[in-house]
Amino acid sequence: MTRLTDTFRERIGGVRTAEDLVQDRELLEVALGAFGLDDDINNTFFIKKVLEEGSIETGALANRLSDSRYADFSKAFGFGDFDIPRTALSFFADEIVDRYEAEQFGQAVGEKDNDMRLALNLGRALDDVVDGNSSNNGRWYAMMGNAPLRGMFETALGFPSSFATLDIDKQLEQFQARAKATFGSDEMSDLASSKNQEKMIRLFMLRSEISASSATSGASIALSLLQQI
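Rules used in this analysis
- Residues numbered from 1 in each chain as written.
- Predicted model: local features only at pLDDT ≥ 70, side-chain atom pairs only at ≥ 80, totals over all residues.
- Heavy atoms only, no water.
- Helix = DSSP H or I, 4+ residues; strand = E, 2+ residues; numbered from the N terminus.
- Rg over C-alpha atoms; globule rule 2.2 N^0.38 Å.
- Buried < 20%, exposed > 50% of the residue type's maximum accessible area, 1.4 Å probe, protein only.
- Polar contact = N/O pair within 3.5 Å; in protein donor to acceptor, adjacent residues only side chain to side chain.
- Contact = heavy atoms within 4.5 Å.
- Salt bridge = Lys/Arg side-chain N within 4 Å of Asp/Glu carboxyl O.
- Axes fitted to C-alpha atoms, helices over the stretch in contact; angles between N-to-C directions.
- Left-handed = near helix turned anticlockwise from the far one by under 90°.
- Nonpolar A, V, L, I, M, F, W, Y, C, P; charged D, E, K, R; others polar.
- Parallel < 35°, antiparallel > 145°, perpendicular 65-115°, else oblique.
- Expected span 1.5 Å × (residues − 1).
- Arc of directions from axis to C-beta.

Trainee: Report on the overall build of the protein, specifying residues and quantitative values.
Mentor: Regarding its fold elements, the protein presents 14 helices and 0 strands. N-terminal to C-terminal, the α/β element order of the protein is α-α-α-α-α-α-α-α-α-α-α-α-α-α. Here the protein has a C-alpha radius of gyration of 19 Å; the compact-globule value for 229 residues is 17 Å, and the two agree. Expressed as a percentage of the 229 residues in the protein, the buried residues total 45%.

Now the structure itself:
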């Protein structure tokens, strides 16, 4: 990681196009890894197109993909959005490296406990959702498009696995109603507060543990624990 991040800091300032980035495998590894998109390292044509079309236009490829991490990735680099990409900014390298190190740490933790990995990523994922969308509904749809984040919301708010089969607008209604009942607000910006993040993590970890041990845990004990949250 140290070798890759040092290389990224040294060379990313000279990258001005999506083509430059995808042609440098070491830089691309850090760039994708910062957004949890490591598996796309060999899909250079696809990644180049995601970056070149940017994130501003509604019809841009990144915005048409169900996984909102691609839109966050494209927006962070700005190749398709600005005449001069964000790679030229003095703080850009540190911004991406910080994300990369946090994501890789989360992945290492996830090899032992995936629930803990999701909990570690909550704050950064919520920041992306809030910063990347101007309307509250848009933020909720972005959350639903981020598979790891959505999974955490579903578990923390007590939705069954069949919930995803509902109409998308109905899902939005149910998510917001359950959030308001649990946190006192359905505003995604409010859910991103440190207090609500802590409560969501506790709910998520507790419900995950109850689910994993449901065969031996009494329903009354589970209910009692949840009522203490």
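Trainee: Talk me through the side chain of R86; I want residue IDs and the actual numbers.
Mentor: Mapped onto the secondary structure, R86 falls in the loop between α6 (69-77) and α7 (92-110). The class of R86 is buried, set by a relative accessible area of 18%. At 3.0 Å, the side chain of R86 forms a polar contact with the side chain of E95. The contact partners of R86, leaving out residues within four places of it in the chain, are K75, A76, F77, F91, F92 and E95.

Trainee: Report on the pattern of salt bridges, specifying residues and quantitative values.
Mentor: If you walk through the whole model with that rule in mind, you get 16 salt bridges. Note that D24 and R11 form a salt bridge whose closest N and O atoms lie 3.1 Å from each other. With D24 in the loop between α2 (18-23) and α3 (25-33) and R11 in helix α1 (residues 2-11), this residue pair connects regions lying 13 residues apart in the sequence. Overall, R11 belongs to the partly exposed group, its relative accessible area being 35%. Linking K48 and E19 is a salt bridge whose minimum nitrogen-to-oxygen distance equals 2.6 Å. Of the two residues, K48 sits in helix α4 (residues 44-52) while E19 sits in helix α2, which places them 29 residues apart along the sequence.

Trainee: Could you give me a rundown of the environment of G78, with the residues and numbers involved?
Mentor: Turning to its location among the elements, G78 is positioned in the loop between α6 and α7. Overall, G78 belongs to the buried group, its relative accessible area being 0%. Distance in space between the C-alpha atoms of G78 and G54 is 6.3 Å, their sequence separation being 24 residues.

Trainee: Break down the packing of α4 against α6 for me, with residues and values.
Mentor: Between α4 and α6, the shortest axis-to-axis distance is 8 Å and the interhelical angle comes to 65 degrees. Regarding α4 and α6, the two cross each other, and that crossing is right-handed. Only Y70, F73, S74 and F77 of α6 make contact with α4, whose side of the interface consists of F46, I47, V50 and L51. When grouped by side-chain class, the residues that make up the contact of α4 with α6 number 7 nonpolar, 1 polar and no charged.

Trainee: Account for the side chain of R99, naming residues and giving values.
Mentor: By the element assignment, R99 lies in helix α7. When sequence neighbours within four positions are dropped, the list of residues in contact with R99 reads A34, F35, R124 and D128.

Trainee: Could you give me a rundown of the packing of helix α9 (residues 136-144) against helix α10 (residues 147-156), with the residues and numbers involved?
Mentor: It is at 6 Å that the axes of α9 and α10 come closest, and there the two elements cross at 100 degrees. In this view, α9 runs roughly perpendicular relative to α10, as classed from their interaxial angle. From α9, W140, M143 and M144 reach across to α10, where they touch L149, R150 and F153. When grouped by side-chain class, the residues that make up the contact of α9 with α10 number 5 nonpolar, no polar and 1 charged.

Trainee: With reference to specific residues and values, describe helix α11 (residues 168-183).
Mentor: In this model, α11 (16 residues) spans 22 Å end to end at C-alpha, consistent with the 22 Å of a helix rising 1.5 Å per residue. Buried within α11 we find Q171, L172, F175, Q176, A179 and F183. Mapping the buried residues of α11 onto a view down its axis gives an arc of 125 degrees, with all of them on the same face. Of the residues in α11, the exposed ones pointing more than 90 degrees away from the buried face are K180 and A181. Between the side-chain oxygen at the start of α11 and the backbone nitrogen of D169 there is a gap of 3.0 Å, and the oxygen is on D167. A positive phi of about 85 degrees marks G184, the residue just after α11.

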